[in-house]
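This is what each chain is made of:
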Amino acid sequence: MSSHAKVAVGASKDSSFLGGRIPSEIEIMAKQLKDLDQEMFRKILKAVVSAIEGKDCREAMKAIAENAALPEERLSYVVAGMYRLLKEALRIPTSSLKQEVFKEDLRELRIPEEFITDFASVVFGNRRTALEAVATQQGPRLPSLKDFRWRVDVAISTSSLARALQPSILMQMKLSDGKAHRFEVPVSKFQELRYNVALILKEMNDLEKRSVLKIQD
Amino acid sequence: MLSIGQLVDMQWKLGMAVSSDTCRSLNSPHVSLLLKIADTSGQISQRSFEMTIAQFQNFYRQFKEMAAVLETV
């Protein structure tokens, strides 16, 4: 009956933004939300969003779990479902998934209307940019540069040369995986490095204009 | 047998740190040492470190003491 109504409005959709097959943790969560009170729902939602942002939400989860009104098993179903639902929704750009379609899909899952509004406010609200920023940092990546320091030295005298008088550059890079690399850069290599840095900057500038950054669904 | 490396080579450098990312005019003299250590299998590893002049003077004093003790042995 509802799909008939959708065709009449002019929007035809075969599946939800969650795909042809709704992930089981979301279906289970939908059932668990039936007689959950909104205050509890909002507390859990807050903790889950906080977790998606990468924050430590152990204290918040502990406080929620200790609330005797909610059995642990039910809480775990709700948390798992919420997390998956939000992750899936946040993955799709807002240009492709509109708020009304998102809400319609959640109605299909029989999620209570007040909760749909709360979910929508996370996915389409002003916290969206922060959540997307966290998502950009995820995915398979090499360790990143966290800290960069340098020093210009002149060797005056060494065990091999009484008057060395050679300038050199010391560099130290600290990576996100905790590793630190310290090395010397001879002046000739430094010139190469400088040239390549300028080349990279130019490439990045050119990339801004290229179509690969403008893919539209 | 307790394995401890053997010092096989030592090189040094007296240098002047002219400037750095945090200090435009550092002008700090220092001594760098490069030690080459061979383990029991013959594998050579390198250790290098830096000392300020004050640290180096302390270092030198320790070696003088070691040399003095060796004389008595």
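Before reading further, recall that the structure is shown in the block above.
Residues numbered from 1 in each chain as written. Chains lettered and ligands numbered in written order. Predicted model: local features only at pLDDT ≥ 70, side-chain atom pairs only at ≥ 80, totals over all residues. Heavy atoms only, no water.

Caption draft 1: Examining the overall build of chain B more closely. If you tally the helices and strands in chain B, you get one helix and three strands. Taken from N to C terminus, the helices and strands of chain B fall in the order β-β-β-α. By the burial criterion, 16% of the 73 residues in chain B qualify as buried. Long-range pairs, those at least 24 residues apart, make up 28% of the contacts in chain B between residues at least 6 apart in sequence. (Helix = DSSP H or I, 4+ residues; strand = E, 2+ residues; numbered from the N terminus. Buried < 20%, exposed > 50% of the residue type's maximum accessible area, 1.4 Å probe, protein only. Contact = heavy atoms within 4.5 Å.)

Caption draft 2: Structural detail: the layout of surface pockets. Here the largest pocket is characterised by a volume of approximately 680 Å³. Along its surface, the largest pocket is lined by 25 residues, and A:Arg151, A:Leu170, A:Glu184, B:Ser32 and B:Glu50 are the ones closest to its centre. For the lining of the largest pocket, the secondary-structure elements that each account for two or more residues are strand E1 (145-158), strand E2 (166-175) and strand E3 (180-185) of chain A together with strand E1 (6-20), strand E2 (28-38) and strand E3 (44-52) of chain B. Among the elements that line the lining of the largest pocket, the one with the most residues is E1(A), at five residues. Its residues assigned to classes, the lining of the largest pocket shows eight nonpolar, nine polar and eight charged. Considered as a void within the structure, the second largest pocket measures approximately 260 Å³ in volume. Lining the second largest pocket are A:Ile52, A:Lys87, A:Leu90, A:Arg91, A:Pro93, A:Leu131, A:Glu132, A:Val134, A:Ala135, A:Gln138 and A:Gly139. Only helix H5 (72-91) and helix H8 (128-136) of chain A provide two or more residues apiece to the lining of the second largest pocket. Of the residues forming the lining of the second largest pocket, the biggest block, four residues, is contributed by H8(A). (1 Å grid on protein atoms, 1.4 Å probe; cavity = no way out; pocket = protein on both sides within 12 Å on 5 of 7 lines; lining within 4 Å. Points joined across faces, edges and corners; volume = space filled by probe spheres on them. Nonpolar A, V, L, I, M, F, W, Y, C, P; charged D, E, K, R; others polar.)

Caption draft 3: Up close: the sheet that holds E3(A). Taken together, the six strands give an open sheet; going across it, the order is E3(A)-E2(A)-E1(A)-E1(B)-E2(B)-E3(B), and neighbouring strands pair in antiparallel fashion. The sheet is open, and its two edges are formed by E3 of chain A together with E3 of chain B, each paired on a single side. Neighbour-to-neighbour, the strand axes of this sheet turn through a mean angle of 30°, independent of strand direction. Examined bridge by bridge, E1(A) and E1(B) share seven bridges and lie antiparallel to one another. Looking at the pairing, A:Arg151 lines up with B:Ser20 of E1(B). With respect to the sheet, helix H1 (residues 53-72) of chain B is in contact with E1, E2 and E3 of chain B, its orientation differing from that of E3(B) by roughly 115°. (Pairing = 2+ DSSP bridges. Axes fitted to C-alpha atoms, helices over the stretch in contact; angles between N-to-C directions.)

Spatial relationships are all this shows, so hold off on functional conclusions.
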